[in-house]
2 protein chains.
Amino acid sequence: MRAVVTVMLKDGVLDPQGKAIGQALHGLGFPQVGEVRAGKVIELTLDERDPQAARVAAEQMAKKLLANSVIERFEVEIVA
Amino acid sequence: MRAVVTVMLKDGVLDPQGKAIGQALHGLGFPQVGEVRAGKVIELTLDERDPQAARVAAEQMAKKLLANSVIERFEVEIVA
């Protein structure tokens, strides 16, 4: 079972990396770019048959290690 | 229109960050974790009405700036 955990900065938290990407894209000739937010994604292979158990485990991992809940939010997606 | 660009290391490219996350998760009591791959995700707000045009633009951005095609692959998802 595979779990994909996506971690983004919460809305309202300044994102200098996203800002820099946006400015670089403008400079490269993409004027249509508005706000840019940068985050990370972690793909986990889990030795787990039950999708619900895999989701619970991945959420615990996100809370304990992968995301800083003060400034970040996360989403867990379970892939067969 | 929003575009979400996910950039991952290609299969076969060593991923020390993913390795470190996997080892940390084992240490935190998640023995079910197998391979871990770490990547980045960039959410772009685009001033663009047409989903197809938005996809083409986001793919160009990924090729020009967001992904290093030598070692990384990317996926573009268009969100309404």
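Let me sum up the structure you'll find in this document.

Things to note about helix H2 (residues 51-66) of chain A
- The first and last C-alpha atoms of H2(A) sit only 20 Å apart over 16 residues, clearly below the 22 Å expected at 1.5 Å per residue.
- Along H2(A), the residues classified as buried are Ala54(A), Ala57(A), Ala58(A), Met61(A), Ala62(A) and Leu66(A). In an axial view of H2(A), the angular spread of the buried residues amounts to 145°, which keeps them on one side of the axis. In H2(A), the exposed positions that point more than 90 degrees away from the buried face belong to Lys63(A) and Lys64(A).
- On its buried face, H2(A) is in contact with strand S1 (2-9), strand S2 (33-46) and strand S3 (72-79) of chain A together with helix H1 (16-27) and strand S2 (33-46) of chain B.

Examining the nonpolar core
- Membership of the largest hydrophobic core comes to 21 residues, with the highest contact counts inside it found for Val33(A), Val5(B), Leu44(B), Met61(B) and Leu66(B).
- Among the elements that take part in this core, helix H2 (residues 51-66) of chain B stands out by supplying 6 residues, more than any other.
- Excluding anything up to four places from it in sequence, Leu66(B) contacts Ile21(A), Val5(B), Val7(B), Lys40(B), Ile42(B), Leu44(B), Met61(B) and Glu72(B).
- Counting residues in hydrophobic clusters, the runner-up holds 20 residues, among them Val7(A), Ala67(A), Phe30(B) and Ala38(B).

Here we look at the relation of the copies chain A and chain B
- Superposing chain A onto chain B takes a rotation of 180° combined with a translation of 0.0 Å along the rotation axis, leaving an RMSD of 0.0 Å. Considering both components of the superposition, the chain copies are consistent with a two-fold axis. Within chain A, Lys40(A) has its C-alpha nearest the rotation axis, a separation of 2.0 Å.

Some points on the layout of surface pockets
- Considering only enclosed or pocket space, the largest pocket measures out at about 570 Å³ in volume.
- If you trace the largest pocket, you find 22 residues lining it, with Val4(A), Thr6(A), Glu77(A), Thr6(B) and Glu77(B) closest to the centre.
- At the level of secondary structure, the elements contributing two or more residues to the lining of the largest pocket comprise S1, S2 and S3 of chain A together with strand S1 (2-9), S2 and strand S3 (72-79) of chain B.
- Considering only residue class, the lining of the largest pocket consists of 10 nonpolar, 2 polar and 10 charged.

What counts, and where the lines are drawn
- Residues numbered from 1 in each chain as written.
- Chains lettered and ligands numbered in written order.
- Predicted model: local features only at pLDDT ≥ 70, side-chain atom pairs only at ≥ 80, totals over all residues.
- Heavy atoms only, no water.
- Helix = DSSP H or I, 4+ residues; strand = E, 2+ residues; numbered from the N terminus.
- Expected span 1.5 Å × (residues − 1).
- Buried < 20%, exposed > 50% of the residue type's maximum accessible area, 1.4 Å probe, protein only.
- Arc of directions from axis to C-beta.
- Contact = heavy atoms within 4.5 Å.
- Core = buried A, V, L, I, M, F, W, Y, C linked by side-chain atoms within 4.5 Å.
- Least-squares fit on C-alpha atoms with pLDDT ≥ 70 in both.
- 1 Å grid on protein atoms, 1.4 Å probe; cavity = no way out; pocket = protein on both sides within 12 Å on 5 of 7 lines; lining within 4 Å.
- Points joined across faces, edges and corners; volume = space filled by probe spheres on them.
- Nonpolar A, V, L, I, M, F, W, Y, C, P; charged D, E, K, R; others polar.

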